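Observations on chain architecture
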Amino acid sequence: MRVVYGIGSAVPAHERSLAWRYRGPVPAEIEISPVAVEEFERLLPLIAAYQRFYEVESIDETRNRTFFRRFLGPSEDGLLLAASRDGRLVGYACLYWHFSSLEACESVLMNDLFVDESARGEGVGRALIEAAADVARERGVPFVEWSTAPDNHTAQRLYDSTGAERSEWFSYELRV
């Protein structure tokens with residue numbers, strides 16, 4: 001059985017009159033669901049587009065295929081969510097099962113959130129975030145966390161509008 005986290009208008013009913021905020025027509029239907037095995041290959045170009053967006057120098061399709069396959073459900077590592085409209089994939093989120101030692105609990109880390117350029121500003125990102133929150137509730141975990149690049153102001157406007165609070169923590173990376 002395939003679990004669908006959201007079918008319906010991408011823009012909440014109380015905001016449909018504000019469709020101008022989404023810079024274009026409001027999509028009639030967006031389906032958010034776990035990526036099925038049979039659609040995994042169609043997701044790989046979106047993963048590569050996400051990597052190009054963040055200027056990854058060497059995109060390796062074979063490595064992507066191997067790495068991201070681990071998030072096909074059921075998985076102890078995480079979950080891939082796909083956003084589709086009219087049968088076409090227009091976005092995805094990759095969720096990692098994560099932990100918080102401060103709260104001594106599991107959390108959901110939304111490590112990737114990407115919407116195809118043709119569908120940006122239409123509520124797809126918001127629908128993926130809402131689906132990630134649904135996944136967290138289903139798992140019984142108290143929060144979803146994520147980060148974005150400091151110069152990704154478009155994403156920050158979306159994230160700020162969801163009611164999420166910016167963390168006071170800084171992220172560091174040590175290449176080894």
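Look above for the structure.
As a starting point, this report considers the structure included with it. (Residues numbered from 1 in each chain as written. Predicted model: local features only at pLDDT ≥ 70, side-chain atom pairs only at ≥ 80, totals over all residues. Heavy atoms only, no water.)

With that settled, the discussion passes to helix H4 (residues 153-161). Within H4, burial applies to Ala-155, Gln-156 and Tyr-159. In a view along the axis of H4, the buried residues occupy a sector of 100°, so they form one face of it. Along its buried surface, H4 packs onto strand S5 (105-115) and helix H3 (124-139). Once H4 ends, the next one or two residues include Gly-163, with phi positive near 95°. (Buried < 20%, exposed > 50% of the residue type's maximum accessible area, 1.4 Å probe, protein only. Helix = DSSP H or I, 4+ residues; strand = E, 2+ residues; numbered from the N terminus. Arc of directions from axis to C-beta. Contact = heavy atoms within 4.5 Å.)

Attention now moves to a nonpolar patch on the surface. A cluster of nonpolar side chains, Phe-53, Tyr-54, Val-56 and Ile-59, forms an exposed patch at the surface whose accessible area comes to about 310 Å². Tracing the backbone shows Ile-59 in the loop between helix H1 (40-53) and helix H2 (61-69). Relative accessible area serves as the criterion here: at 31%, Ile-59 is assigned to the partly exposed category. (Patch = residues over 30% accessible without salt bridge, like charges linked within 9 Å, V, L, I, M, F, W, Y side chains within 5 Å. Areas by Shrake-Rupley, 256 points an atom, 1.4 Å probe, with all protein chains shown as cover. Salt bridge = Lys/Arg side-chain N within 4 Å of Asp/Glu carboxyl O.)

With that out of the way, let us pick up the pairing of S5. Counted residue by residue, S5 has 9 buried out of 11 residues, so it is predominantly covered. Here 10 bridges tie strand S4 (residues 88-100) to S5, and the two strands are oriented antiparallel to one another. Counterpart to Leu-95 in the pairing with S5 is Met-110. The turn linking S4 back onto S5 is made up of 4 residues, and Ala-104 within it adopts a positive phi angle of 50°. Bridge analysis of S5 against strand S6 (residues 144-145) gives 2 bridges, and the strand direction is parallel. Within S6, the residue paired with Val-108 across the bridge is Val-144. One crossover worth recording links S5 to the parallel S6 by way of H3, and it is right-handed. (Pairing = 2+ DSSP bridges. Right-handed = clockwise from strand over helix to strand, strands pointing away.)

So, on to H3. Between the first and last C-alpha of H3 there are 23 Å, a value that for 16 residues agrees with the 22 Å anticipated at 1.5 Å per step. Three or more residues of H3 are buried, namely Val-124, Gly-125, Arg-126, Ala-127, Leu-128, Ile-129, Ala-131, Ala-132, Val-135 and Ala-136. At its buried positions, H3 is contacted by strand S2 (30-34), strand S3 (78-85), S4, S5, S6 and H4. Where H3 terminates, the next one or two residues include Gly-140, which has phi positive at roughly 75°. (Expected span 1.5 Å × (residues − 1).)

In short, geometric facts, not functional conclusions.
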